[in-house]
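Descriptive analysis of the structure
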Amino acid sequence: MSRVTGVVGVSLAADDQVETAYRTGYEGREFATLRIGNALGIDVVDASPEVLRRIAAAAEELADWREEQDARADVAAQVAAEDGVRHIGVPVQRDGSVAA
């Protein structure tokens, strides 16, 4: 049974390590942890190979999404540079709200 007990936002640098760590616990039982940088560890206590593969597929989907976002930003920056614009931004009013 899965249960969400909280939401975590983690900022990761390009050089942060993503690795699997194994340790032996009580009565020789082996435990695995997915380590994501120094900020996040996910203990895998009881997950089927199918569930772990779905997690891997979801991570791959996120990587594809991020590449698409980066490509869109690059295109916008290139178009702006061709038009002589040096910065693309949203106008902000003095009170901090976004101008319409």
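Residues numbered from 1 in each chain as written. Predicted model: local features only at pLDDT ≥ 70, side-chain atom pairs only at ≥ 80, totals over all residues. Heavy atoms only, no water.

It is worth spelling out the pattern of salt bridges at this point. Any two side chains of opposite charge can pair if their charged atoms end up close together. One pass over the full model with this rule turns up two salt bridges. Two residues, Glu-50 and Arg-54, come together in a salt bridge whose shortest N-O distance is 2.7 Å. On the criterion of helical spacing, the pair formed by Glu-50 and Arg-54 is a turn pair, its members being four residues apart in helix H1 (residues 49–82). A relative accessible area of 53% places Glu-50 in the exposed class. Exposure remark for Arg-54: the relative accessible area of 49% places this residue in the partly exposed category. Arg-66 is the salt-bridge partner of Asp-70, the closest N and O atoms lying 2.9 Å from each other. Remark: Arg-66 and Asp-70 occur in helix H1; sequence separation between them is four residues, near one turn of the helix. (Salt bridge = Lys/Arg side-chain N within 4 Å of Asp/Glu carboxyl O. Helix = DSSP H or I, 4+ residues; strand = E, 2+ residues; numbered from the N terminus. Buried < 20%, exposed > 50% of the residue type's maximum accessible area, 1.4 Å probe, protein only.)

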